[in-house]
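A closer look at the structure
Residue-level listing of the chains:
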Amino acid sequence: MIMLNIGTIASVLAVSGCIETTPEVAISEPDPELIFVRGYRSAADDCRLVGESAFTLDFLDDAADLVACSTGSTDMDELMAQTGVPILTQTNSYTFFSVPRR
């Protein structure tokens, strides 16, 4: 009888280790203040040329355009397909790219 109880307790402990707990909800920080100059490929483009700000200083390059697209937008997918540029960084709402001018 004792062996049966030990086996039952071991089974319960093994199964309880498999139960997933709900993750804590993360608190989102606001996006940094950005200076949008214009649409990158056209006025209606969701991807925008970004100017200098405290956030963008480390990402600006004199031989490339800093472009921010709404994360997950079709315009972002098109920009990546057309240019082949990798993601530079992301914030809560925007994905940034450094697009060479040449």
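None of these values were measured; they are calculated from a predicted model.

It is worth spelling out the pairing of strand 5 (residues 94-100) at this point. In terms of strand pairing, strand 3 (residues 64-70) meets strand 5 through seven bridges, oriented antiparallel. Bridge pairing in strand 5 links Leu-66 to Ser-98. By the bridge criterion, two bridges tie strand 4 (residues 89-90) to strand 5 in an arrangement that is antiparallel. Following the sheet pairing, Thr-89 is matched in strand 5 by Phe-96. Taking the residues that link successive antiparallel strands as the turn, the strand 4-strand 5 hairpin has three residues.

Turning our eyes to something else, we now look at the packing of aromatic side chains. Taken as a whole and judged by the stated rule, the model has three aromatic pairs. With 5.4 Å between their ring centres and 55° between their planes, Phe-36 and Tyr-94 make a pair best called tilted. Of the two residues, Phe-36 is situated in strand 1 (residues 36-39) and Tyr-94 in strand 5; the sequence distance between them amounts to 58 residues. Look at Phe-36 and you get partly exposed, because its relative accessible area is 32%.

What counts, and at which threshold
Residues numbered from 1 in each chain as written. Predicted model: local features only at pLDDT ≥ 70, side-chain atom pairs only at ≥ 80, totals over all residues. Heavy atoms only, no water. Pairing = 2+ DSSP bridges. Helix = DSSP H or I, 4+ residues; strand = E, 2+ residues; numbered from the N terminus. Phe/Tyr/Trp six-rings, centres within 6.5 Å; stacked < 30°, edge-to-face > 60°. Buried < 20%, exposed > 50% of the residue type's maximum accessible area, 1.4 Å probe, protein only.

In short, shape yes, function no, at least from these values alone.
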